[in-house]
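# Per-entry structural report
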Amino acid sequence: MNNTDNDLLKQYAECRICPRNCGANRIVGNLGRCRVDSRLFVARAALHMWEEPCLSDMEGSGTVFFSGCNLGCVFCQNHSISRADSGKEISIERLAEIFLDLQGKGANNINLVTAGHYLWHLIPALKLAKNQGLTIPIVYNTSGYEKVESLQLLDGLIDVYLPDFKYWDPELAKKYSFAEDYPKVVKPALDEMVRQAGKPIFDEKEHITKGVIVRHLLLPEHLMDSKRIVEYLYNTYGDRIYISLMNQYTPMDGLEKFPELTRKVKESEYDELVDYAIELGVENGFIQEGETAEESFIPVFDCEGV
């Protein structure tokens, strides 16, 4: 690790990476709102087959699951890593090696899942891997709860942004993610992602190489909130982005305080959302068909490939 890398890591001393602005001194072992200190933890690095077709296809997306999360949704399907209960400590150099290992396995891309709270590890790791021969697209897979200033530091390093747009209503964001400001934060963050990545570009195999895909997970009982999000995305960005509408919500344990979230999404709810998107004029989109709310979407976080 060089002096520049050390200077980057010092940014964890009073952490302001994300909109939480918690100010934790992660260097001395204090945990940020992301539930991790200044060490780098990864829970899984493997080919993943359940992303959008333009990301996974037959070869798989080279998915790296980072431990911890700055949002902490009550219904999180990956709660064992979002709560930092799983993961192995690694170095910046090892992270770069993991990227290259996944490329060697034939991955279509490197898919960074919830990596924002490790920004000062991620930047040097990406630069190191690129210097050592990493050429496949880099995908930044995020909840959307990002600061524009932090995203700007990734300009030129990320090819494809894969953000969520979770909530339109601040009260829902407060109730389920303890982040009432989520709707206010996600909009400028999306603007910055679109500015950086531009309109979607696909290669001859129909794999995305540049652009933005915005995901929205339909929650039970919240169809109207979802419709407002789809309407905003289409009216704001048109064909400059793809919209991925997801029906894979899976009820997890511990939701007794949220009875509305203890069931799967009804087929009729999802069909109504898809029909609404079509009526608006959305053409650049992905939908899920059939019974997708299954465990196949939730991998085992056993430190495979780490």
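About the thresholds
Every chain begins its residue count from 1, and numbering advances along the sequence as written. In keeping with the predicted nature of the model, local features appear solely for residues at pLDDT of at least 70, side-chain atom pairs appear and are counted solely at 80 or more, and the whole-chain, interface and lining totals rest on all residues. The basis for every side-chain value is the complete set of heavy atoms in the structure, and neither hydrogens nor water enter the calculation. The way it works is that DSSP assigns letters per residue, a run of H or I at least four long becomes a helix, a run of E at least two long becomes a strand, and they are numbered from the N terminus. Categorising residues by exposure relies on relative accessible area from a 1.4 Å probe, with only protein chains included: less than 20% of the type maximum marks a residue as buried, more than 50% marks it as exposed, and the intermediate range marks it as partly exposed. Contact definition: two residues touch when any of their heavy atoms are within 4.5 Å. Nitrogen and oxygen atoms within 3.5 Å of one another constitute a polar contact, given that in protein one can donate a hydrogen and the other can accept it, and given that sequence-neighbouring residues count only through two side-chain atoms. What makes a salt bridge here is a side-chain nitrogen of Lys or Arg within 4 Å of a carboxyl oxygen of Asp or Glu, nothing more. Stacked, tilted and edge-to-face are the three classes assigned to paired rings of Phe, Tyr and Trp, where Trp is represented by its six-membered ring and a pair needs centres within 6.5 Å; plane angles under 30 degrees give stacked, over 60 edge-to-face, the rest tilted. The criterion for a charge sitting over a ring is simple: Lys NZ or Arg CZ within 6 Å of the ring centre, and within 35 degrees of the ring normal.

This next bit is on the environment of Y161. When you line up the elements, Y161 lands in strand β6 (residues 160–163). Classification of Y161 as buried rests on a relative accessible area of 0%. Remark: the alpha-carbon pair of Y161 and Q196, spanning 35 residues in sequence, is separated by 9.1 Å. Setting aside anything within four residues of it in sequence, one finds Y161 in contact with Y140, L151, L154, M193, Q196, A197, G211, V212 and I213. A polar atom in the side chain of Y161 sits 2.7 Å from the side chain of Q196.

Here the focus is the side chain of R215. Considering the arrangement of structural elements, one finds R215 in strand β8 (residues 208–217). Its relative accessible area of 8% is what places R215 among the buried residues. A distance of 2.8 Å separates polar atoms of two side chains, one belonging to R215 and the other to E52. If we ignore the near neighbours within four places in the chain, the residues touching R215 are E51, E52, N141, L162, P163, D164, F165, S244 and M246.

Attention now goes to the pattern of salt bridges. Scanning all chains against the criterion turns up 16 salt bridges. The partner of D155 in a salt bridge is R195, and the shortest N-O contact between them spans 2.9 Å. Of the two residues, D155 is situated in the loop between α5 (148–152) and β6 and R195 in helix α7 (residues 182–197); the sequence distance between them amounts to 40 residues. The salt bridge partner of R263 is E269, with a shortest N-O separation of 2.9 Å. On the accessibility criterion, E269 (13% relative accessible area) is buried. Salt bridges sharing common partners tie together D37, R39 and E89.

Right, let's talk about the packing of aromatic side chains for a bit. Scanning the entire structure with this criterion turns up 14 aromatic pairs. For the ring pair F65 and F301, a centre distance of 5.1 Å and an interplane angle of 70° mean the geometry is edge-to-face. Of the two residues, F65 sits in strand β2 (residues 61–66) while F301 sits in the segment after β10 (285–287), which places them 236 residues apart along the sequence. What makes F65 buried here is its relative accessible area of 4%. The interplanar angle of 55° and the centroid separation of 5.5 Å between the aromatic rings of W168 and Y232 together place this pair among those described as tilted. Highlighted residues: W168 in the loop between β6 and α6 (170–177) and Y232 in helix α8 (residues 223–237), separated in sequence by 64 residues. Judged by its relative accessible area of 18%, W168 is buried. In this structure Y232 comes out as buried when scored by relative accessible area, which is 18%. The side chain of K187 reaches across the aromatic face of W168, ending 4.2 Å from its centre. Here the guanidinium or amino end of K187 rests over the ring plane of Y232, the centre of that ring lying 5.1 Å away.

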